[in-house]
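Coordinates in review
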Amino acid sequence: MSEEYHKIRRLPPYVFEEVNKKKAAARARGVDIIDLGMGNPDLPTPKFVVDKLCEAIRDPRTHRYSASKGIAGLRRAQAAYYERRFGVKLNPDTQVVATLGSKEGFANMAQAITAPGDVVLCPNPTYPIHAFGFLMTGGAIRSIPAKPDEDFLRAIDRAVRHSIPKPIAIILNYPSNPTAYEADLDFYAEVVKFAKENEIVILSDLAYSEIFFDGAPPPSVLQVPGAMDVTVEFTSMSKTFSMPGWRVGFAVGNERLISALARVKSYLDYGAFTPIQVAATAALNAGDAAIEEVRSVYRHRRDVLVESFGRAHFEVPPPSSTMFAWAPIPERFRYMGSLEFSKLLIEKADVAVAPGIGFGEYGDDYVRIALVENEHRIRQAARNIRRFLASGNDPVQKAASADA
C-alpha cells in the first residue's frame, strides 16, 4: 500500500502548497500577511442575489436533488446572456450545461472526450486544470505558446504534423489566467479554421469575459462562423458576480460535446443546490449593473497596484483584463525562480503572491498578483516590498559577501 495510486503519480507536487504552508506558518506567528496569491474574490455577492437565495431556500421543494445539467431557468438565462453579450444563439436544452464552476466543467469534459494516450494542445503557462484535467484521464499534454499570435498558430500547425497520435483538442484561455493575454476575433477565426480542417476540438475558457478595463469587451470564440461545429466554451460566475464559493459555471457550444459532458455529469453529481441555481438565474437576468460595479473596483485596484508597486521599483505591466497582474520577477532575484522568490516575499515583505512556475515551466520568471485586497492593503504591500528591495536582502549577495 506504499505506492501512490496511478492517477496521483501523474500529478506533480502542488507548487502552491509550499507557498501556502509558508503563509500559514507566518500567520501562526501572528504576522499580518497581505495575501495577493490566490484568486479568491473578496467582494461580497450582490445583495439581490443573496436575497433570491434566501427566498428560494425557504421553499422545501428546492431541497431535493437537482438536475445535474442545471435547472431549465438557469440554462435559459445563460443562453440569453450569450445572445445579449456576444450575439450567439444557443439552444438551452442541447447547448448549455450548468457546471460546478468552470474548473469542474473542464475536468469532466476531459473525462468525457479523452482516451489514454490522447494528445491535447495546451498553452504554457496556463491555469493548472487545463493540463491536469487531461493528465488525470490518461491524456498527454503538448505545450504551445500562451500568447495569441503567429507563434501560437505555427505551434499548433507543427503539433498536428508531428504529434503521434494527432491531437484531439486545443485549449484556449483568453483573457488568460495567469498572463491576462487577450485574443481578438481574427485570431479566433484562424484557430477555428485550423480546428475544422484538422478535425480538432476547441475548448475555450472564458471565465474572465466581464473583467476588462481597456478597449473593447473580450469576444467569444463562438462568435466566429462555424465555431459551434467544433467548440465548447466555459464560463464562471465566480469573478463576474463575486460568487466563488457558490460554484456556478457553464459549458456551452457544440451539441455532441455538450451531450457527452452532460452524460458524464449525470453519473457523477446531481448539480448545484437548487436555491443557488435560482439565485444565479436572477444574477444573469438582472445583473449588468453589478457586473459594472465589480469591473470598476478591479480597474481601480489595478491602477493602484501598478502605480504603487512601480514606486517600489517592482514594475508591474498593467493588465487590460482579468483580476490578475503577471509581473516579471525583479532582475536581481530572477536567478532564484518564482517559487523561491514567492517564499522570500512572505518571509521578508509579509506579502504572498502566486509563483509563475505553478502555471507551467515557462512561467518561472514571473509571479501572479491577484487584485483581492483593497487599495489600502495593496499600498501597504507595495511599502513592504519597497523596504525589502531597498534593504539589499539578496541571498546570493549575502553569500558572496560572507565568502569575501
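- The protein chain goes by Aminotransferase in an unreviewed UniProt entry, where it is assigned to Aureimonas phyllosphaerae.
- Its UniProt record gives the protein chain the following Sequence similarities (unreviewed entry) comment, quoted word for word: "Belongs to the class-I pyridoxal-phosphate-dependent aminotransferase family."
- For the record of the protein chain, the UniProt heading Cofactor (unreviewed entry) holds the text "pyridoxal 5'-phosphate".

**Structural notes on unusual backbone geometry**
- Following N124, the chain continues to P125 via a peptide bond in cis, the omega torsion being 5°.
- Note on placement: P125 falls in the loop between strand 3 (119-124) and helix 6 (129-135).
- A cis amide bond, omega -5°, links Y174 with the succeeding residue P175.
- Along the polypeptide, P175 turns up in the loop between strand 5 (169-173) and helix 8 (185-198).

**Remarks on empty space enclosed by the protein**
- Counted under the stated rule, the structure contains two cavities of 30 Å³ or more.
- Here the largest cavity defines a volume of roughly 140 Å³.
- Lining the largest cavity are 18 residues; nearest its centre among them are Y81, S236, T240, F241 and L284.
- Elements with a contribution of two residues or more to the lining of the largest cavity: helix 4 (72-86), strand 7 (231-236), helix 10 (274-286) and helix 11 (288-311).
- Here the lining of the largest cavity gets three residues from one element, more than from any other, and that element is helix 4.
- Per-class residue counts for the lining of the largest cavity are nine nonpolar, six polar and three charged.
- Counted as a void, the second largest cavity has a volume near 60 Å³.
- Around the second largest cavity, the lining is made up of 15 residues, and of these A98, T99, L100, A272 and Q277 lie nearest the centre.
- Of the residues assigned to the lining of the second largest cavity, the class counts are six nonpolar, five polar and four charged.

**Focus on the packing of aromatic side chains**
- Summed over all chains, the structure comprises 16 aromatic pairs.
- Ring centres 6.1 Å apart and planes at 85° place the aromatic pair W326 and F359 in the edge-to-face group. With W326 in strand 9 (residues 324-328) and F359 in the loop between strand 11 (354-355) and strand 12 (366-370), the pair connects residues that are 33 residues apart, well separated along the chain.
- With 5.6 Å between their ring centres and 45° between their planes, F333 and F341 make a pair best called tilted. Here the two residues F333 and F341 agree in accessibility, since each one is buried.
- Through successive ring pairs, a cluster of aromatic residues spans F309, F314, F333, F341 and F388.
- Cation over ring: R368 sits above F324, and NZ or CZ is 3.9 Å from the ring centre.

**Regarding the sheet that holds strand 8 (residues 249-253)**
- The seven strands lie next to each other as 2-8-7-6-5-3-4, forming an open sheet whose pairing is mixed. At either end of the open sheet lies a strand with only one pairing partner, and these are strand 2 (96-99) and strand 4 (140-145). Strand-to-strand twist of the sheet, defined as the mean angle between neighbouring strand axes without regard to direction, takes the value 20°.
- Summarising the sheet, strand 3 and strand 5 pair through two bridges and their orientation is parallel. Each residue of the ladder has a partner; that of L121, found in strand 5, is I170.

**Observations regarding the domain arrangement of the protein chain**
- By domain assignment, the protein chain separates into domain 1 (6-44 + 289-403) and domain 2 (47-287).
- Between domain 1 and domain 2, the C-alpha centre-to-centre distance is 27 Å.
- With 32 residues of domain 1 in contact, the opposing surface of domain 2 contributes 31 residues.
- Interface area, domain 1 with domain 2, both sides summed: about 2900 Å², of which 61% is carbon and sulfur.
- Linking domain 1 to domain 2 there are two salt bridges.
- For R295, the salt bridge is made with E210, and the minimal N-O distance between the two is 3.0 Å.
- Summed over the shared surface of domain 1 and domain 2, the result is 10 residue pairs in polar contact (both at pLDDT 80 or more).
- Among the secondary structure elements, those contributing two or more residues to the side of domain 1 that touches domain 2 are helix 11 and strand 9.
- No other element matches helix 11, which puts eight residues into the side of domain 1 that touches domain 2.

Rules behind the numbers
Residues numbered from 1 in each chain as written. Predicted model: local features only at pLDDT ≥ 70, side-chain atom pairs only at ≥ 80, totals over all residues. Heavy atoms only, no water. UniProt positions renumbered as here; feature names shortened; annotations may be inferred. Helix = DSSP H or I, 4+ residues; strand = E, 2+ residues; numbered from the N terminus. 1 Å grid on protein atoms, 1.4 Å probe; cavity = no way out; pocket = protein on both sides within 12 Å on 5 of 7 lines; lining within 4 Å. Points joined across faces, edges and corners; volume = space filled by probe spheres on them. Nonpolar A, V, L, I, M, F, W, Y, C, P; charged D, E, K, R; others polar. Phe/Tyr/Trp six-rings, centres within 6.5 Å; stacked < 30°, edge-to-face > 60°. Buried < 20%, exposed > 50% of the residue type's maximum accessible area, 1.4 Å probe, protein only. Lys NZ or Arg CZ within 6 Å of the ring centre and 35° of its normal. Pairing = 2+ DSSP bridges. Axes fitted to C-alpha atoms, helices over the stretch in contact; angles between N-to-C directions. Domains from an automatic or database assignment. Contact = heavy atoms within 4.5 Å. Buried area = accessible area lost by both parts, 1.4 Å probe. Salt bridge = Lys/Arg side-chain N within 4 Å of Asp/Glu carboxyl O. Polar contact = N/O pair within 3.5 Å; in protein donor to acceptor, adjacent residues only side chain to side chain.

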